Amino acid sequence: MSRLFITPRELNFISDISKEIIKDVIGQRIYLYPISEAKTQVHGVYQESMKKVFDNPIIVDAMVDNIQQGDTKINSFGVDSQYKLDVFLHYRDLVEKGLNISIGDYFSFSDVFYEITEYQVMRNVYGLPEHKVGVKIVGTKARAGQFEALLKGPTDIKYTDDAAVQKKFEQQRGRAENFEGPTGDVRDLVREGVLEQSLEGQRQVSEAGAVADDSHHGSAFYDE
C-alpha cells in the first residue's frame, strides 16, 4: 500500500481503534513478571537457573485466546498437564509504555503461571515496516517449583477470596487514571490534536448502584 494514502493520521486511527477494543471493550489483561537477570542465579554446570527471580509484576492489557491448548501426560510422578496460551498485545502500547517482553519472562492469566516460550511480531500495518500491528506471545504452563508468586485476580470462581472474581471494570479511554490508578493509556489522535478528548468519560461495570429489587441486574452498567 502506498505511503501516499497511509499517513500518520490513518496509522493513529488504526492504533486508537485497536486500543479501544482491547482496553475499553474486552478488558482482558495479564500480569507480566519480567525475569531479573541480575538477581537470578544460573547453575554453573547446567547453565539453567533452579528458581527464577522476577521484578515487580506489570499489568498488560491483552487479547487472550480463549482456547487453552492442553497436553496431558501420565508418568511415574502422576498426571502432568501442559497448557499453552496465545496472547496478543498492542505493539504501539508496549512501545509507549517502554515495556520490553522477552522469551523466558513469565505471566499469569486466571490461576495459571506461564513461561513465554514464543515471541512473534505480527504483520506490518499496510506493509509499512516501522509500524507493527501487534505482538503474539505463547505461554507454556510453568513447571511446579520453577516459578512462584502470589496469584493476582481475577483467577477462578472456585476460590473464595475477594479478588477471585472481577466485579468492577472501568474503561481507560485515554484518561491518565481510572479507579485502579494510572493507566498509561495514550490515544494518538487526541495527543496529536486531531480529535478532542471525549466528554463522556469512562463507562464502568460494577455492583455500585445495584438495588435490592435487582433492577440493575447486579451491575451499575444497566440503567433500566
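Counting starts from 1 at the beginning of each chain's written sequence and moves along it residue by residue. Totals for whole chains, interfaces and linings use all residues, but because this is a predicted model, local features are given only for residues with pLDDT of at least 70 and pairs of side-chain atoms are given and counted only at 80 or more. Processing note: side-chain calculations cover all non-hydrogen atoms of the structure and skip hydrogens and water entirely.

1. Describing the confidence of the model for the protein
Link 1 in the chain: Looking at the protein, the pLDDT average stands at 85 and 80% of residues meet or exceed 70.
Link 2 in the chain: Across residues 38–43, where pLDDT falls below 50, the model places 14 contacts with residues more than four positions away in sequence or in other chains. Predictor confidence is given residue by residue as pLDDT, running from a minimum of 0 to a maximum of 100. Between two residues, a contact is recorded if the distance between any of their heavy atoms is within 4.5 Å.

2. Focus: the nonpolar core
General note: in soluble globular proteins, nonpolar side chains tend to be found buried as a group.
Link 1 in the chain: Judged by nonpolar contacts, the single largest core of 17 residues is most densely connected at Ile-30, Val-87, Leu-89, Phe-107 and Ile-137.
Link 2 in the chain: Looking at this core, the elements with two or more residues in it are strand S1 (29–33), strand S5 (78–90), strand S7 (112–121) and strand S10 (134–141).
Link 3 in the chain: What Val-87 contacts, discounting residues up to four positions off in sequence, is Ile-30, Ala-62, Met-63, Val-64, Phe-107, Val-135, Lys-136 and Ile-137.
Link 4 in the chain: Residues belong to a common nonpolar core when they are buried Ala, Val, Leu, Ile, Met, Phe, Trp, Tyr or Cys residues joined through side-chain atoms within 4.5 Å. Working definition: with a 1.4 Å probe on protein chains only, accessible area under 20% of the residue-type maximum means buried, over 50% means exposed, and in between means partly exposed. In terms of nonpolar packing, the next biggest core, distinct from the first, is built from seven residues, Tyr-33, Tyr-106, Phe-113 and Ala-142 among them. In this description a helix means any DSSP run of H or I spanning at least four residues, a strand means any run of E spanning at least two, and both kinds are numbered starting from the N terminus.

3. Concerning the layout of surface pockets
Link 1 in the chain: Here a cavity is any set of points on a 1 Å grid over the protein atoms alone where a 1.4 Å probe fits but cannot get out, and a pocket is any open set with protein on both sides within 12 Å along at least 5 of 7 lines; a residue lines the site when it has an atom within 4 Å of a point. Grid points are joined across faces, edges and corners, and a volume is the space filled by probe spheres set on the points. In this model, the largest pocket occupies a volume close to 400 Å³.
Link 2 in the chain: Residue lining of the largest pocket: 20 residues in total, with Ser-18, His-90, Lys-132, Val-133 and Gly-134 positioned closest to the centre.
Link 3 in the chain: By residue number, the principal contributor to the lining of the largest pocket is helix H1 (residues 8–26), which donates six residues.
Link 4 in the chain: Under the scheme applied, nonpolar residues are Ala, Val, Leu, Ile, Met, Phe, Trp, Tyr, Cys and Pro; charged residues are Asp, Glu, Lys and Arg; polar residues are all the others, including Gly. Taken together, the residues of the lining of the largest pocket break down into eleven nonpolar, five polar and four charged.

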